Amino acid sequence: MDRQNSNNKTLIIAVATVISVLIIAITAIIAVKILRQPASTNRANDVEMASTPTPTVDPNAETYQKAVSLFDQKNYKDAATLFAQLGDYEDAISKTNICNYQQALNLYNAKRYDDALALLDQVTNLTEATALKEKCNTAKKDIALYKKAKAKYKKGKYTAAIKLLNKVKNYAPAKSLKKKAEKKKKNMPPAAPDVEEFVDITPPVGDGSTYEVRWSKVPGASGYEYMSKEEMYYPDGMEDTDPYYAQEFTNERRYEVGASDSIKVSFKVRAYKIINGKKKFGEWSRYVYCYLNSN
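Reading the values: the criteria
Residues numbered from 1 in each chain as written. Predicted model: local features only at pLDDT ≥ 70, side-chain atom pairs only at ≥ 80, totals over all residues. Heavy atoms only, no water. Helix = DSSP H or I, 4+ residues; strand = E, 2+ residues; numbered from the N terminus. Contact = heavy atoms within 4.5 Å. Areas by Shrake-Rupley, 256 points an atom, 1.4 Å probe, with all protein chains shown as cover. Phe/Tyr/Trp six-rings, centres within 6.5 Å; stacked < 30°, edge-to-face > 60°. Buried < 20%, exposed > 50% of the residue type's maximum accessible area, 1.4 Å probe, protein only. Lys NZ or Arg CZ within 6 Å of the ring centre and 35° of its normal. Pairing = 2+ DSSP bridges. Patch = residues over 30% accessible without salt bridge, like charges linked within 9 Å, V, L, I, M, F, W, Y side chains within 5 Å. Salt bridge = Lys/Arg side-chain N within 4 Å of Asp/Glu carboxyl O. Lys, Arg positive; Asp, Glu negative; His and termini not counted. Charge placed at Lys NZ, Arg CZ, Asp CG, Glu CD. Core = buried A, V, L, I, M, F, W, Y, C linked by side-chain atoms within 4.5 Å. Arc of directions from axis to C-beta. Axes fitted to C-alpha atoms, helices over the stretch in contact; angles between N-to-C directions. Parallel < 35°, antiparallel > 145°, perpendicular 65-115°, else oblique. Left-handed = near helix turned anticlockwise from the far one by under 90°.

Novice: What is the right way to look at the overall build of the protein chain in this model?
Specialist: Tallying secondary structure elements over the protein chain gives eight helices and eight strands in all. Partitioning the contacts of the protein chain with sequence separation of at least 6, the portion at a separation of at least 24 is 59%. When the accessible surface of the protein chain is split by element, carbon and sulfur atoms take 52% of a total near 20600 Å².

Novice: How do you make sense of the packing of aromatic side chains when you look at a structure like this?
Specialist: Across all of its chains, the model carries 17 aromatic pairs by this definition. With centroids separated by 5.5 Å and ring planes inclined at 65°, the aromatic side chains of Tyr 153 and Tyr 158 adopt a geometry described as edge-to-face. Judged on exposure class, the residue Tyr 153 and its partner Tyr 158 are both buried. Aromatic ring contacts, followed pair by pair, group Phe 198, Trp 215, Tyr 224, Tyr 226, Tyr 255 and Phe 267 into a single cluster. For Arg 270, the ring lying beneath its charged end belongs to Phe 281, and the centroid distance is 4.1 Å. When the ring centre of Phe 249 is taken as reference, the NZ or CZ atom of Lys 279 above it lies at 5.1 Å.

Novice: Looking at this model, I keep getting lost on unusual backbone geometry. Mind explaining?
Specialist: Excluding glycine, most residues fall at negative phi; most peptide bonds, likewise, are trans. Phi at Lys 74 takes a positive value of approximately 65°, unusual for a residue other than glycine. Looking at where Lys 74 falls in the secondary structure, it is placed in the loop between helix H2 (59-72) and helix H3 (76-85). Assessed through its relative accessible area of 63%, Lys 74 is described here as exposed. With a phi close to 55°, Asn 276 is a non-glycine residue in the positive phi region. Of note, Asn 276 is situated in the loop between strand E6 (263-275) and strand E7 (278-281). Judged by its relative accessible area of 77%, Asn 276 falls in the exposed class.

Novice: Is there a simple way to think about the sheet that holds strand E5 (residues 254-259) in this case?
Specialist: Hydrogen bonding along the main chain pairs the strands of a sheet, whether they run parallel or antiparallel. One open sheet holds the three strands; their spatial order is E1-E2-E5, and the pairing between them is antiparallel. Each edge of the open sheet is held by one strand with a lone partner, namely strand E1 (199-200) and E5. Sheet topology note: the E1/strand E2 (residues 209-214) ladder contains two bridges and is antiparallel. Bridging from a neighbouring strand, Val 199 pairs with Glu 212 of E2.

Novice: Before we go on, may I ask you to explain a positive patch on the surface in this structure?
Specialist: A contiguous patch of positive charge on the surface is contributed by Lys 141, Lys 148, Lys 163, Lys 167 and Lys 169. Inspection of the secondary structure puts Lys 163 in helix H7 (residues 158-165). Take Lys 163: its relative accessible area is 58%, and that puts it in the exposed class.

Novice: Hey, could you run me through the pattern of salt bridges in this one?
Specialist: Pairs can form between side chains of opposite charge whenever their charged atoms are close. All told, the structure shown has 10 salt bridges when counted by the stated rule. The closest approach of N and O atoms between Arg 270 and Glu 225, which form a salt bridge, is 2.7 Å. Here Arg 270, found in strand E6, pairs with Glu 225, found in strand E3 (residues 223-232); they are 45 residues apart in sequence, far enough to count as distant. According to the relative accessible area criterion, Glu 225 is buried, its value standing at 5%.

Novice: Help me out: how do you make sense of the nonpolar core in this one?
Specialist: Nonpolar side chains tend toward joint burial in soluble globular proteins. If you look at the biggest cluster of nonpolar residues, it comprises 19 residues, and the most contacted ones within it are Phe 198, Val 257, Phe 267 and Leu 292. Of all the elements in the fold, those that place two or more residues in this core are E2, E3, E5, E6 and strand E8 (288-292). Ranked by residues supplied to this core, first place goes to E6 with five residues. For Phe 267, the contacting residues outside a window of four places in its chain are Phe 198, Val 213, Trp 215, Tyr 226, Met 227, Ser 228, Tyr 255, Arg 286, Tyr 287 and Val 288.

Novice: How do you make sense of H3 when you look at a structure like this?
Specialist: Owing to its 3.6 residues per turn, the α-helix aligns residues three or four sequence positions apart on the same side. Listed in full, the buried residues belonging to H3 are Tyr 76, Ala 79, Ala 80, Leu 82 and Phe 83. The arc that holds every buried residue of H3, seen down its axis, measures 165°, which confines them to one face. Facing away from the buried surface of H3 by more than 90 degrees, the exposed residues are Lys 77 and Gln 85. Buried residues belonging to H3 abut H2 and helix H4 (92-109). A positive phi of about 65° marks Gly 87, the residue just after H3.

Novice: Help me understand the side chain of Asn 97, please; the structure alone is not making it clear to me.
Specialist: Structurally, Asn 97 can be placed in helix H4. In contact with Asn 97, other than residues within four places in its own chain, are Gln 122, Val 123, Thr 124 and Leu 126.

Novice: How should I be thinking about the packing of H4 against helix H5 (residues 113-120) in this particular structure?
Specialist: Helix packing geometry: the angle between the two helix axes and the distance between the axes. At a minimum axis distance of 8 Å, the contact between H4 and H5 shows a crossing angle of 170°. When the axis of H4 is compared with that of H5, the two are roughly antiparallel. As H4 runs across H5, the sense of the crossing is left-handed. When H4 is examined against H5, the residues Asn 100, Tyr 101, Gln 103, Ala 104, Leu 107 and Tyr 108 are found in contact with a partner set consisting of Tyr 113, Asp 115, Ala 116, Leu 119 and Leu 120.

Shape is all these values report; function is a separate question.
Shown next as structure tokens:
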């Protein structure tokens, strides 16, 4: 009886041992599967990530956006530099032209015309640039004319100064200088007339000879005053101790003298104009002479 119980216990222990081993084996297999499953999933993810391309960044797009931002900030100089680097990317060429035009416009407003023209020479296919270039050239020409007129004004050549200032199209200081020159000219004495030589106008029939002298018109003159000296002409060199003088005002520009004796006539003339109710005289002309009946 005791031996039989002993055998039964041995059998039970053996079976339990086998079951334990089986449980351990099964557990090990399950653990291995569990441990292997994440690795397999990770590999799948790695394969999927490897097959997805990495997005690339367009450097031109970044530069373009920076340029647009600078343009919006009215930083046209730096914006133009970036747009120029982009070549024909998007509308970079057009934007470069606009930036250069805007810079030129700012320079024009600052009266830096040469610098503005240098930038405008780089602008293409922009109507506004052509118009601005014309304004720059006109402004330069106006300033040059103004400087010449100012030099004439300082020398008292008011008529010449006004003539130059009349050619100025759009330069504010020119208007002020023109008013000053016109006022000076109005109050200054008239110029000296240009006198011609005496001309023989003796009629075919009559005694003695007749001569005439003429002179040029003086702008702004109200009239003229002449002085004539007539003295006997002696071939032996004797002098006339009692010559005849004539000094008269006239609105004509001619003087005629006639005589039957041998006389020498000297003549000069000057212009005058009325300023504040008074005659203001200019310089005398040169003397001109004639000899009547000297043969």
